[in-house]
Amino acid sequence: TGRIESRIIITTIGSLGDLHPKIAIALELRQRGHDIVFATHKGYQAKIEALGFEFHALRPDGTDDPLEIARKTNPKTGSEYVVRNWLLPNLRATYTDLMSAAQDADFMIAGEIVYAAPLVAEKLKIRWASSALSPFSIFSAYDPSVIALFPLLAKLRGLGVTFNRGVIQFVKALTRSWAEPIRQLRQELGLPQRRDNPLIDDKFSPYLVLAIFSSVLANPQTD
């Protein structure tokens, strides 16, 4: 057909709810003639290889511990726990694993909490796509989601775009200190520092952002 095959690495961290949408994308990309590689939790190796995809283990590993799962899924504190106690303490290990898996890749598709993905893409000078599995992840000031830590703010969304932008800036300021491990690793890798919040701003690819959720949940907004 004259098409040029690309080697595309797909990387994701989290539950089957994170993995299955990436598998759907991978199946379609393979149908179009591309070579697909997965980098994700070791516990998903059998599932990935059974579908005929190349697999690379990506730390941190998942867990079956009920107490740990409860901490990670707590509606109010789960997000902070996942970021500060699980993902960022393992950032260097994630970077090492993903860098090894992505050496020959032409393109990368990354789950939004694979915080090493932008660093790997920047270091290897390859284009990449970020992804969002819910409208909350996109932080629209025109159609803001409810923030679990501050549910009362949802009642004030009618104050308009300026107020909603202020809320987003507040969240960025609140979580800015969490991202210190990312800044430290950037410095070690010789990558330029950024003024924004790496946890929020840098998770969006400048090339492509995939909104992997139904329009029933949210429609495209001007921001």
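These numbers were taken from a predicted model, which means no experiment stands behind them. (Residues numbered from 1 in each chain as written. Predicted model: local features only at pLDDT ≥ 70, side-chain atom pairs only at ≥ 80, totals over all residues. Heavy atoms only, no water.)

Visitor: An account of the overall build of the chain is requested, with residue identities and associated values reported.
Guide: For the chain, the count of helices and strands is 8 helices and 6 strands. Seen in sequence order, the chain has helices and strands lined up from the N terminus as β-α-β-α-β-α-α-α-β-α-β-α-α-β. Relative to the globule expectation of 17 Å for 223 residues, the C-alpha radius of gyration of the chain, 18 Å, shows essentially globular dimensions. Along the first, second and third principal axes, the C-alpha set of the chain runs to 55 × 40 × 40 Å. Going through the 223 residues of the chain one by one, you find that 41% of them count as buried. Long-range contacts, defined here as pairs at least 24 residues apart, represent 61% of the contacts in the chain between residues at least 6 apart. Total accessible area on the chain is roughly 12300 Å²; 55% of this is exposed by carbon and sulfur atoms. When the 26 positive and 23 negative side-chain charges of the chain are each reduced to one mean point, those points stand 5 Å apart. (Helix = DSSP H or I, 4+ residues; strand = E, 2+ residues; numbered from the N terminus. Rg over C-alpha atoms; globule rule 2.2 N^0.38 Å. Buried < 20%, exposed > 50% of the residue type's maximum accessible area, 1.4 Å probe, protein only. Contact = heavy atoms within 4.5 Å. Areas by Shrake-Rupley, 256 points an atom, 1.4 Å probe, with all protein chains shown as cover. Lys, Arg positive; Asp, Glu negative; His and termini not counted. Charge placed at Lys NZ, Arg CZ, Asp CG, Glu CD.)

Visitor: I'd like to hear about the packing of helix 5 (residues 91-101) against helix 6 (residues 117-124), residue by residue, with values.
Guide: Interaxial distance between helix 5 and helix 6 falls to 9 Å at its minimum, and their mutual angle equals 45°. Taken as axis vectors, helix 5 and helix 6 run oblique relative to one another. Between helix 5 and helix 6 lies a crossing whose hand is right-handed. In contact with Y95, L98 and M99 of helix 5, helix 6 contributes A117, L119, V120, K123 and L124. Residue composition of the contact of helix 5 with helix 6, grouped by class: 7 nonpolar, no polar and 1 charged. (Axes fitted to C-alpha atoms, helices over the stretch in contact; angles between N-to-C directions. Parallel < 35°, antiparallel > 145°, perpendicular 65-115°, else oblique. Left-handed = near helix turned anticlockwise from the far one by under 90°. Nonpolar A, V, L, I, M, F, W, Y, C, P; charged D, E, K, R; others polar.)

Visitor: Requested: an account of the nonpolar core, with residues and values cited.
Guide: By size, the foremost hydrophobic cluster in this structure holds 39 residues, and its most contacted members are I9, Y95, L98, M108, Y115, I182 and L199. Elements supplying a minimum of two residues to this core: strand 2 (35-40), helix 4 (78-87), helix 5, strand 4 (107-110), helix 6, helix 7 (161-175) and helix 8 (180-189). It is helix 5 that provides the largest number of residues to this core, a total of 5 residues. Contact partners of M108, with chain neighbours within four places excluded, come to I9, T11, L98, A117, A121, I126, R127, W128 and A129. Judged by nonpolar contacts, the second largest core, of 14 residues, contains I8, A26, L29 and F53. (Core = buried A, V, L, I, M, F, W, Y, C linked by side-chain atoms within 4.5 Å.)

Visitor: So, the environment of I48: which residues are in play, and what are the values?
Guide: Looking at the element boundaries, I48 is found in helix 2 (residues 45-50). Residue I48 is classed as buried on the basis of its relative accessible area, which comes to 0%. The spacing of I48 and W86 is 38 residues in sequence and 23 Å in space, taken between C-alpha atoms. Setting aside residues up to four positions removed in sequence, I48 forms contacts with L19, I23, F38, F53, E54 and F55.

Visitor: Residues and numbers for the pairing of strand 4, please.
Guide: Note: strand 1 (residues 7-11) against strand 4, 4 bridges, orientation parallel. The partner of I8 across the bridge, within strand 4, is F107. Handedness of the strand 4-helix 6-strand 5 (residues 127-132) crossover: right-handed. (Pairing = 2+ DSSP bridges. Right-handed = clockwise from strand over helix to strand, strands pointing away.)

Visitor: Quick one: what's the story with helix 5, residue by residue and with numbers?
Guide: Where burial is concerned, most of helix 5 is hidden: 8 out of the 11 residues are buried. The complete set of buried residues in helix 5 reads L91, A93, T94, Y95, D97, L98, M99 and A101.

Visitor: Outline the packing of aromatic side chains, listing residues and values.
Guide: Inspection of the entire model under this criterion finds 2 aromatic pairs. On the numbers, 5.5 Å between centres and 55° between planes, the contact of F136 with F139 is tilted. Note on F136: relative accessible area 37%, which makes it partly exposed. Its end group placed over the ring of W86, K72 keeps NZ or CZ at 3.5 Å from the ring centre. (Phe/Tyr/Trp six-rings, centres within 6.5 Å; stacked < 30°, edge-to-face > 60°. Lys NZ or Arg CZ within 6 Å of the ring centre and 35° of its normal.)

Visitor: Provide a residue-level description of the pattern of salt bridges, including the pertinent values.
Guide: Per the stated rule, a full pass over the model turns up 13 salt bridges. Note that D97 is salt-bridged to R59, the shortest N-O span being 2.8 Å. Taken together, the positions of D97 in helix 5 and R59 in the loop between strand 3 (54-57) and helix 3 (66-73) put the pair 38 residues apart, joining distant regions of the chain. Between R92 and E188 there is a salt bridge whose closest N-O contact spans 2.4 Å. Of this pair, R92 sits in helix 5 while E188 is found in helix 8, placing the two residues 96 residues apart along the sequence. What you see here is one network of salt bridges that share partners, running through E122, R186, R194 and D202. (Salt bridge = Lys/Arg side-chain N within 4 Å of Asp/Glu carboxyl O.)

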